[in-house]
Amino acid sequence: MVDIELKRDRVVIRLKDKKWEWMIEPRYWRNSILWVALLLVFPAVAYFISPGLINTMISANLLAAIALPMQLMTLGTGRVNFGPNFFVGVGGYAAALLSIAYGWGPLATLPFAILITLFAALVFSPLVVVARGLYYVLLSLLLPFVFFEVTIIYTDIFKGDTGLFGIKPLLDLGNARINFLVIAYISIVIMVLFLLVINKVVKSRYGLIMAAINDDEEVAHGIGVNINKVKILSFVFSAGMIGVAGWFYAHYFSSFAGQTYLTFTFMLKIFLAMMIGGRTQVFGCVVGGYFVAFLEMILIRTMGPMQAVVFPVILIILLFALPEGLFGIYRKRRYREYFPTIHVRR
Amino acid sequence: MWVYIQNLLVYTFVLGSIYLLVSLGFSIICGVLRIFHLGYAYIFPVTIYVTWMFLQDLGWSLIPAIFGMVAVQFIIAFLIYKGVIKKYLDKELEMLVALLLITVIIEQAINYQYPMQTGVYLQTELIKGTTQIGSVIVSTQLLIGSIIALLLTGLFVLFFLKTRTGLAIRAISQSIYGSQIVGINVESLYIFTMMFVLVPVMIGTLIIAPVWTVDPQMGQLYMFTAILVAVLGGLGNLKGTIMASFLIGAVHAVMCFIVGEPRFMTLSALVLVMIVLIVRPQGLTRSESLW
């Protein structure tokens, strides 16, 4: 028999020898399933109220889907990568070029986009071993710009100035609104999948090793951690995940331009999704992604061209006002945090 | 062949000197404050557009407009130091993101007020026309700019080597705590440095304004060059900065006049920096001090 007992702050459910507890106050709701259910309901509700919101939700999911692996990369390498958009570019261009050249659909381009991103990450992975501090910041910052330069130089291939067009769409169900709705669900699935995988990794023994690297590389090496292996694996694995977001962008918009994804502005959005959400919290990336995407949409709708100025102003105020990010308001207890600092000053 | 060599030499000198002017400030900030001033890009459009604002919208003449712009630049630098750099001196990630955001805010505000299609032309041409050196024709403005760049760099070096303030700044670049112990007011010198480094950038921007393209996002490319020079030279060492500026100038000149592919200018400089960093991760010179 199910026995339900109401206590002062929680509901206790007992079934034979099993017991579940549910906190009544919403701020203690740690159950991820509840939030995922909310995310799943949102597009369906938006479909009837304001279909435009679905588009913003897709952007939010994609921002979170880039910020999440970025968080893992930062944690695992002990360094802050200032060019995560490079891998968005690699994944996006790989999917776009294959789709245009061979007429491949999204399912056919996906494995290649991941493989090419993994390969690119593997090629640049020695950076996490040889460069540290500001040098790593600089080199990672330069990567998307180098790639953008290449797309401009070889404009006959990459169409760096105008962007690539004619990429096979992600879905074609015959109805634009239903397309949007299904694409929104695909973006949620990708984001939630990333969230689950990364959360699992961070909480595993592997996450503990990453935290050790973050605290002190030399000490971690001293206690027998193969730091280079962990750093390279985290770098390559996270890059592959970011590449999936690039693939999604290419097929979602049926176009891909370096001008949009390989610039400061896009890189900043990823960073802000990570930092305003809560820079040391995996779940914070989702909050940050949604906040940045929805704030931008609201400002575009209400302020027109002025939003380009107001948007970064609001973000910088929040950066100052919320040192622990939006997720910091939600959580009540401060956990031990592992996040690399860019040690430069003597 | 001789024509190629002449072109190479003249443009290495001209481009190297201009790059030196553009990146001197960035290098000094790297050396003294030990940070990457990712907000450096805002200085270039502010120089152009604030001068233009005083000239066009307020009807000032050129010289007062330039002084007005200098005052605005000093105020912005002071506010950035007090509001961001001082606050986040130990939290580099927040600082770098905040500095980038400030650049975006300033660029977008300028773009809102003076969109790219608005014609902006500053009459800061010192001498019009071109000059022929051997068989090479070069803009006289750029040539004069190169000479000014070298003179200004010389003055900066003299300032750092011969004055007490310069000595104090060099001491800070070596050790902040050590300089505090001997009684140096680190904070006031930080603010001074933040303002002092604006001088070569503002002069450089005003010199190149009538010759090269001007738009609200122009600063990003110059900051990009400044970062390359600073890293190649060894993060904040003036000797290294001078060498790196001319080295990148030479690479650009080779790409333009020997290879004949100006498209590869930026890419070639990047490849050079990456190769040097792999061979000598500390850059051309050690970044232990400013000089």
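Residues numbered from 1 in each chain as written. Chains lettered and ligands numbered in written order. Predicted model: local features only at pLDDT ≥ 70, side-chain atom pairs only at ≥ 80, totals over all residues.

What follows concerns the overall build of chain B. Regarding its fold elements, chain B presents 12 helices and two strands. Walking chain B from its N terminus toward its C terminus, one meets helices and strands in the order α-α-α-α-β-β-α-α-α-α-α-α-α-α. In terms of overall dimensions, chain B is globule-like: its C-alpha atoms have a radius of gyration of 19 Å, near the 19 Å expected for 291 residues. Projecting the C-alpha coordinates of chain B onto the three principal axes gives extents of approximately 60 × 50 × 35 Å. Here chain B, with 291 residues, has 48% of them falling under the buried criterion. Summarising the internal contacts of chain B: among those between residues at least 6 apart in sequence, 74% fall at separations of at least 24. (Helix = DSSP H or I, 4+ residues; strand = E, 2+ residues; numbered from the N terminus. Rg over C-alpha atoms; globule rule 2.2 N^0.38 Å. Buried ≥ 20, exposed ≤ 12 C-beta atoms within 10 Å, placed from the backbone. Contact = placed C-beta atoms within 7 Å.)

Another point: the sheet that holds strand β1 (residues 2–6) of chain A. Residues and elements named next belong to chain A. In space, the three strands of this open sheet follow the order β1-β2-β3, with antiparallel pairing throughout. Each end of this open sheet is capped by a strand with a single partner; those strands are β1 and β3 (18–23). Mean inter-strand twist for the sheet, computed between neighbouring axes without regard to direction, equals 15°. Here six bridges tie strand β2 (residues 10–15) to β3, and the two strands are oriented antiparallel to one another. The residue of β3 that forms the bridge with Val12 is Glu21. (Pairing = 2+ DSSP bridges. Axes fitted to C-alpha atoms, helices over the stretch in contact; angles between N-to-C directions.)

Okay, the packing of helix α9 (residues 205–215) of chain A against helix α11 (residues 227–253) of chain A next. Residues and elements named next belong to chain A. As a packed pair, α9 and α11 sit with axes 11 Å apart at the nearest point and diverge in direction by 110°. Taken together, the axes of α9 and α11 are roughly perpendicular relative to one another. Every residue of α11 that contacts α9 at Ile209, Met210 and Ile213 is listed here: Ile227, Val230, Lys231 and Ser234. A class-by-class count of the residues in the contact of α9 with α11 yields five nonpolar, one polar and one charged. (Parallel < 35°, antiparallel > 145°, perpendicular 65-115°, else oblique. Nonpolar A, V, L, I, M, F, W, Y, C, P; charged D, E, K, R; others polar.)

This brings us to the interface of chain B and chain A. Quite often, the size of an interface is put as the accessible area lost when its parts meet. Contacts between chain B and chain A engage 28 residues on the former and 31 residues on the latter. With 12 residues, helix α4 (residues 92–113) of chain B is the single largest residue contributor to the side of chain B that touches chain A. Along the lines of polarity and charge, the residues of the side of chain B that touches chain A split into 20 nonpolar, four polar and four charged.

What follows covers the pairing of β3 of chain A. Successive side chains on a regular strand alternate, one facing one side of the sheet and the next facing the other. In terms of burial, β3 of chain A is largely open, as just zero of its six residues are buried. Where β2 of chain A folds back on β3 of chain A, the antiparallel hairpin that results is connected by two residues, among which Lys16 of chain A adopts a positive phi of roughly 50°.

With that settled, the discussion passes to the nonpolar core. Membership of the largest hydrophobic core comes to 203 residues, with the highest contact counts inside it found for Leu63, Ala64, Ile66, Ala67, Leu68 and Ala273 of chain A. Broken down by element, the residue count for this core peaks at 17 residues, all from helix α1 (residues 2–33) of chain B. Residues contacting Leu68 of chain A, with those up to four places away along its chain left out, are Phe194, Leu195, Ile198, Val282 and Cys285 of chain A. (Core = buried A, V, L, I, M, F, W, Y, C linked by C-beta atoms within 7 Å.)

Residues and elements named next belong to chain B. Packing of α1 against helix α9 (residues 198–208) brings their axes to within 7 Å, and their N-to-C directions diverge by 145°. Helix-helix and strand crossings are classified by hand; for α1 and α9 the assignment is left-handed. Within the contact between the two elements, α1 uses Ile18, Leu21, Val22, Leu24 and Gly25 and α9 uses Leu198, Pro200, Val201, Ile203, Gly204 and Ile208. Looking at the contact of α1 with α9 residue by residue, the class counts come to nine nonpolar, two polar and no charged. (Left-handed = near helix turned anticlockwise from the far one by under 90°.)

Moving on, we come to the confidence of the model for chain A. The predicted coordinates of low-pLDDT regions are not to be read in fine detail. Of the residues in chain A, 92% reach a pLDDT of 70 or more, and the chain-wide mean stands at 86. Segment residues 341–346 of chain A is flagged for pLDDT under 50; beyond a separation of four residues in sequence, or across chains, it makes 14 contacts in the model. (pLDDT = per-residue confidence, 0-100.)

Domains assigned within chain A are domain 1 (1–30) and domain 2 (31–330). Using only C-alpha atoms to locate each centre, domain 1 of chain A and domain 2 of chain A end up separated by 37 Å. (Domains from an automatic or database assignment.)

This part is about the pairing of strand β1 (residues 130–133) of chain B. Residues and elements named next belong to chain B. Here β1 pairs with strand β2 (residues 136–139) via four bridges, running antiparallel. Counterpart to Thr131 in the pairing with β2 is Val138. Two successive antiparallel strands, β1 and β2, enclose a turn made up of two residues, where Gly134 displays a positive phi of approximately 65°.

We now examine the environment of Met195 of chain B. When you line up the elements, Met195 of chain B lands in helix α8 (residues 186–196). Beyond its immediate sequence surroundings of up to four residues, Met195 of chain B is in contact with Phe74 and Ala77 of chain B.

Attention now moves to the environment of Val214 of chain B. Residues and elements named next belong to chain B. Secondary-structure assignment places Val214 in the loop between α9 and α10 (218–233). In the structure, Val214 is positioned 165 residues away from Tyr49 in sequence and 9.3 Å away in space, judged by C-alpha atoms. Apart from the residues within four sequence positions on either side, Val214 is in contact with Ile48, Val120 and Ala209.

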